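# Coordinate analysis (summary)
The primary structure of each chain is shown beneath.
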Number of protein chains: 2
Amino acid sequence: MNILVNGSPGTVIDALDRGLQYGDGLFETIAIRRGRARLLSLHLERLAAGCRRLGLAVPDLGQLEKEIFTVAAAAECVVKVIVTRGGGVRGYRPPVSPTPTRIVAAFPAPAYPEGNASQGIRLRICTTRLARNPAIAGLKHLCRLEQVLAQAEWHDELIAEGLMLDDDGLVVCGTHSNLFILAGAGLLTPRVDRCGVAGVMRREVLRWAGSHGITTCETDLRPQQLFTAGEVFLTNAIIGAWPARELDGRPLARGTIAAEFNRWLDQG
Amino acid sequence: MNILVNGSPGTVIDALDRGLQYGDGLFETIAIRRGRARLLSLHLERLAAGCRRLGLAVPDLGQLEKEIFTVAAAAECVVKVIVTRGGGVRGYRPPVSPTPTRIVAAFPAPAYPEGNASQGIRLRICTTRLARNPAIAGLKHLCRLEQVLAQAEWHDELIAEGLMLDDDGLVVCGTHSNLFILAGAGLLTPRVDRCGVAGVMRREVLRWAGSHGITTCETDLRPQQLFTAGEVFLTNAIIGAWPARELDGRPLARGTIAAEFNRWLDQG
């Protein structure tokens, strides 16, 4: 495992870091494919936007990019970047001039079953819900206990992802992915301005669809709509798009959009 | 600063610890007064209950108690205990057999103005809201970005605390305290089963009130109710009870319950 902490090789951080103490920070999970950092500009852009929303100094993105390639020793791997508000006195109030902590770590590429992309995955609906908070919605912040509890709900390896609902029973996303469904000739994806993460692959799908004549809409989505959809798929930075073929044991319609998007992504 | 990490002196933790990566853990903030750990049994009890709710192994509480007194070098200080789900592979799903991380750190007692307890404090209402999630409500978990953003809202030192509302505009608590109001002859405090923290001092006030013939009720509370209350006060493990004398510039009625409770607490 290669890790850089504030630019230097290291495996530890200050026990008083606000990232640990309060979840006061952000992260990015970046796919390294054939030695290239996929969607890197979108990742860096989102990180910078997140820092601005939290009132954190935006790290030097050129430096960060160098660090990403320094840790990414393998041609196929995953690099996770964490930026926290750093140390400081005890108490929630952010220090006036925080010194952010930057952690850049490489991990082996996850060994997902080949069939996830080609045959589609099985989904379930999680009991753990997502709380609505527009103040932090969309951000890839460090407060992920909801996702931890949701993933702890099931151990059946044949179910590749769980969908998470909000207070009102609207479906927002997967535990670690965004959701798209084909309704008529257009793609719908849940809005992420009340809860959920604005994923970079989600953004890429929206962009790709727009340039391929497919209308898109960020909207409220009910779980039942998945059963009448022409296609359902999940996205994240590592997996690209996985079509879904089953939700809680009931079949979902199969389409071709996820496969087309993956093909395009692979050529990118 | 004295810190024990897993029982050994240290100032750092693993950069991959799930406490940092996902906010996957809990904490306690304990007041050391005259060399004694105030409400220690309530703190340990809440920590153990929180671990059980998160599916975390409960730490050896006897060992933890020893560590608290080891770091608490001063007769008057604050000890913060953090328990996380420890390290593990990347991904939200908790490892099957996690090895929790335990951090016990002593901090100087905060120098709050003398008048906070005797004269009462000024309050404001925060713009940042608390999201409702019964799955993690009441827990003193590490995901505290809402509180961080709420405390970042103001810098007027004359305002000692901000109140936080939930989605529905109900007042839940302060950024780092619980709220009580006197309505008629009884004490009301917001319920903490949808959001907010079930504070140990809150619990102690409820117990004290019960044994002093004061009825109590955990309920829904609207901000306007503070203006018609006979008394308003905030509690946490460090401050005890602070009466409030002003909310957003409007005066609040003054009573004697907070002072009586503090007197009782000081003798405890």
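Residues numbered from 1 in each chain as written. Chains lettered and ligands numbered in written order. Predicted model: local features only at pLDDT ≥ 70, side-chain atom pairs only at ≥ 80, totals over all residues. Heavy atoms only, no water.

### Topic: empty space enclosed by the protein
- Per the stated rule, a full pass over the model turns up six cavities of 30 Å³ or more.
- The volume enclosed by the largest cavity comes to roughly 430 Å³.
- Those elements giving two or more residues to the lining of the largest cavity turn out to be helix H5 (145-151) of chain A together with helix H5 (145-151) of chain B.
- For the lining of the largest cavity, the per-class residue count stands at 17 nonpolar, nine polar and six charged. (1 Å grid on protein atoms, 1.4 Å probe; cavity = no way out; pocket = protein on both sides within 12 Å on 5 of 7 lines; lining within 4 Å. Points joined across faces, edges and corners; volume = space filled by probe spheres on them. Helix = DSSP H or I, 4+ residues; strand = E, 2+ residues; numbered from the N terminus. Nonpolar A, V, L, I, M, F, W, Y, C, P; charged D, E, K, R; others polar.)

### Some details on the relation of the copies chain A and chain B
- Superposition of chain A onto chain B requires a rotation of 180° combined with a translation of 0.0 Å along the rotation axis, giving an RMSD of 0.0 Å. Between the two chains, the operation in question is that of a two-fold axis. (Least-squares fit on C-alpha atoms with pLDDT ≥ 70 in both.)

### A closer look at the packing of helix H2 (residues 40-54) of chain A against helix H3 (residues 61-71) of chain A
Residues and elements named next belong to chain A.
- Look at H2 against H3: their axes get within 11 Å of each other, and the N-to-C directions meet at 130°. By the angle class used here, H2 and H3 are oblique. With respect to the hand of their crossing, H2 and H3 are arranged in right-handed fashion. Contact residues: Leu40, Leu44, Leu47 and Ala48 in H2; Leu61, Leu64, Glu65, Ile68 and Phe69 in H3.
- Residues that form the contact of H2 with H3 fall into these classes: eight nonpolar, no polar and one charged. (Axes fitted to C-alpha atoms, helices over the stretch in contact; angles between N-to-C directions. Parallel < 35°, antiparallel > 145°, perpendicular 65-115°, else oblique. Left-handed = near helix turned anticlockwise from the far one by under 90°. Contact = heavy atoms within 4.5 Å.)

### Some words on the domain arrangement of chain A
All names here are of chain A.
- According to the domain assignment, chain A consists of domain 1 (3-108) and domain 2 (115-267).
- For domain 1 versus domain 2, the distance between C-alpha centres works out to 25 Å.
- Facing 25 residues of domain 1, the contacting portion of domain 2 comprises 24 residues.
- Carbon and sulfur atoms make up 62% of the area that domain 1 and domain 2 hide from each other, which totals about 1,900 Å².
- Scanning the region where domain 1 abuts domain 2 turns up one salt bridge.
- For the salt bridge of Arg203 with Glu45, the shortest nitrogen-to-oxygen distance reads 2.8 Å.
- Counting across the interface, domain 1 meets domain 2 through 11 residue pairs in polar contact (both at pLDDT 80 or more).
- For the side of domain 1 that touches domain 2, the elements supplying multiple residues, two or more each, are helix H1 (18-22), strand E4 (25-33), H2 and strand E6 (77-84).
- Top element by residues in the side of domain 1 that touches domain 2 is E4. It accounts for eight residues. (Domains from an automatic or database assignment. Buried area = accessible area lost by both parts, 1.4 Å probe. Salt bridge = Lys/Arg side-chain N within 4 Å of Asp/Glu carboxyl O. Polar contact = N/O pair within 3.5 Å; in protein donor to acceptor, adjacent residues only side chain to side chain.)

### Section: the nonpolar core
- Counting 88 residues, the largest nonpolar core has Ile68(A), Val79(A), Val81(A), Ile68(B), Val79(B) and Val81(B) as its most contacted members.
- Ile68(B) has contacts with Ile30(B), Ile32(B), Leu40(B), Leu44(B), Val79(B), Val81(B) and Val104(B), leaving out every residue within four places of it along the chain. (Core = buried A, V, L, I, M, F, W, Y, C linked by side-chain atoms within 4.5 Å. Buried < 20%, exposed > 50% of the residue type's maximum accessible area, 1.4 Å probe, protein only.)

### Topic: the pattern of salt bridges
All names here are of chain A.
- The tally for this structure, following the rule as stated, stands at 28 salt bridges over all chains.
- Two residues, Arg102 and Glu67, come together in a salt bridge whose shortest N-O distance is 2.7 Å. Of this pair, Arg102 sits in strand E7 (residues 101-108) while Glu67 sits in helix H3, and the two are 35 residues apart along the sequence.
- A cluster of three or more residues bridged by salt bridges with shared partners is formed by Arg191, Asp193, Arg194 and Asp220.

### Some remarks on the environment of Phe180(A)
All names here are of chain A.
- Counting through the fold element by element, Phe180 comes out in strand E11 (residues 178-183).
- Along the sequence, Phe180 and Pro190 sit 10 residues apart, while their C-alpha atoms lie 7.6 Å from each other.
- When near neighbours in sequence (up to four residues on either side) are disregarded, Phe180 contacts Leu187, Leu188, Thr189, Arg202, Val205, Leu206, Glu231, Val232, Phe233 and Thr235.

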